[in-house]
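Residue-level structure breakdown
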Amino acid sequence: MKNINRTPVREKAKQIALLLSQEQPDYDYLRQLFRHLRKELSVSVPKAEKTIKKIPSQEDIEKFYNVLKNDSHSKNKIMLQTLLYTGVRVCELVAIKITDVDFKTCQIQIQKGVRGQKRIVFFPSIFKEPLEKQALGIKNRGGVYLFESSWNKPYTDRGIRKIMSIYSKRAGIDTPLSPNTIRTFLLSWLKEQGIEDDTLLLYSGHESRYALDQYNKNETLGIGEIQLEYESTIQKLPFL
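Let me begin by describing the structure that accompanies this report.

Conventions adopted
Residues numbered from 1 in each chain as written. Predicted model: local features only at pLDDT ≥ 70, side-chain atom pairs only at ≥ 80, totals over all residues. Heavy atoms only, no water. Patch = residues over 30% accessible without salt bridge, like charges linked within 9 Å, V, L, I, M, F, W, Y side chains within 5 Å. Areas by Shrake-Rupley, 256 points an atom, 1.4 Å probe, with all protein chains shown as cover. Salt bridge = Lys/Arg side-chain N within 4 Å of Asp/Glu carboxyl O. Helix = DSSP H or I, 4+ residues; strand = E, 2+ residues; numbered from the N terminus. Axes fitted to C-alpha atoms, helices over the stretch in contact; angles between N-to-C directions. Parallel < 35°, antiparallel > 145°, perpendicular 65-115°, else oblique. Contact = heavy atoms within 4.5 Å. Nonpolar A, V, L, I, M, F, W, Y, C, P; charged D, E, K, R; others polar. Polar contact = N/O pair within 3.5 Å; in protein donor to acceptor, adjacent residues only side chain to side chain. Buried < 20%, exposed > 50% of the residue type's maximum accessible area, 1.4 Å probe, protein only. Expected span 1.5 Å × (residues − 1).

What follows deals with a nonpolar patch on the surface. Judged by side-chain polarity, Phe34, Leu37, Leu41 and Val43 come together as a nonpolar surface patch covering roughly 360 Å² of accessible area. As for its position among the elements, Leu37 is in helix 2 (residues 27–40).

Direction vectors running N to C along helix 3 (residues 58–69) and helix 7 (residues 157–170) enclose 100 degrees, while the axes themselves pass 9 Å from each other. On the basis of the axis angle, helix 3 is roughly perpendicular to helix 7. When helix 3 is examined against helix 7, the residues Phe64, Val67 and Leu68 are found in contact with a partner set consisting of Met164, Tyr167, Ser168 and Arg170. Classifying every residue of the contact of helix 3 with helix 7 gives 5 nonpolar, 1 polar and 1 charged.

Turning next to the environment of Asp26. Here Asp26 is to be found in the loop between helix 1 (9–20) and helix 2. Within the structure, the side chain of Asp26 is placed 2.8 Å from the backbone nitrogen of Tyr29, a separation counted as a polar contact.

Summed over all chains, the structure comprises 6 salt bridges. Linking Asp28 and Arg31 is a salt bridge whose minimum nitrogen-to-oxygen distance equals 2.8 Å. In this pair, Asp28 and Arg31 are both assigned in helix 2, 3 residues apart and thus about one turn of the helix distant. For Asp28, a relative accessible area of 39% translates into the label partly exposed. Look at Arg31 and you get partly exposed, because its relative accessible area is 45%. A salt bridge links Arg170 to Asp71; the shortest N-O distance between them is 3.0 Å. Here Arg170 is found in helix 7, whereas its partner Asp71 is found in the loop between helix 3 and helix 4 (74–86), with 99 residues between them in sequence. In this structure Asp71 comes out as buried when scored by relative accessible area, which is 15%. A cluster of three or more residues bridged by salt bridges with shared partners is formed by Arg89, Glu92 and Arg119.

Taking 1.5 Å per residue as the helical rise, helix 2 with its 14 residues ought to reach 20 Å, and the 20 Å between its terminal C-alpha atoms agrees with that figure. The first or second residue beyond helix 2 is Ser42, which carries a positive phi of 55 degrees.

Okay, here's the thing in structure tokens:
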């Protein structure tokens with residue numbers, strides 16, 4: 001390749017600034033200017049490399065939840081079990097209100113997903129009693145959200161990550177589990193059990209099949225059919 005002598009970036013910036021100083025350009029003007037410069041010079045914007053999500057092993061998930069199962073802190077136990085059974089994002093979990101939960105149908109309304117989307121997620125019927133007990137405890141003290149701290153405020157993303165880090169350490173897991181790795185595990189595991197992509201798209205809140213491809217791996221079903229499929233499949237989790 002031919003050697004190219006380039007002016008140092010800072011020096012070139014001063015030269016361009018001198019050319020433009022009389023015009024007093026604003027941010028938007030400069031942004032458009034450099035967009036057209038790239039076009040004139042045939043410079044393409046490099047695409048970010050798409051990374052595959054790291055899926056935690058079933059062994060690590062099982063160790064984590066076994067530690068949780070034997071813990072006396074019932075609120076943490078129910079909260080982190082909800083993460084696993086529903087596959088919700090942590091920002092969705094902390095925003096769940098008691099009124100969003102239908103204990104008769106074992107459904108939770110996610111009122112505002114990542115792009116403002118609404119959707120329904122499920123929890124197994126075996127989990128109905130402990131989750132309802134959790135909600136009743138919060139409701140009796142005047143709370144609004146399904147999970148609230150001792151200061152009667154909803155948890156933060158950071159707070160939940162900290163809790164998960166503590167349990168990961170107790171379980172002897174080298175890389176602490178996070179809300180996102182729990183979600184990744186569930187969606188990957190459901191795919192392995194034969195759940196169709198269209199069903200997972202509706203359930204997970206993803207917009208495209210590409211997003212689901214990150215979990216390695218038709219007809220659109222109704223909510224009732226999806227829930228029946230979910231209920232029969234989730235029972236296969238060895239540590240339910």
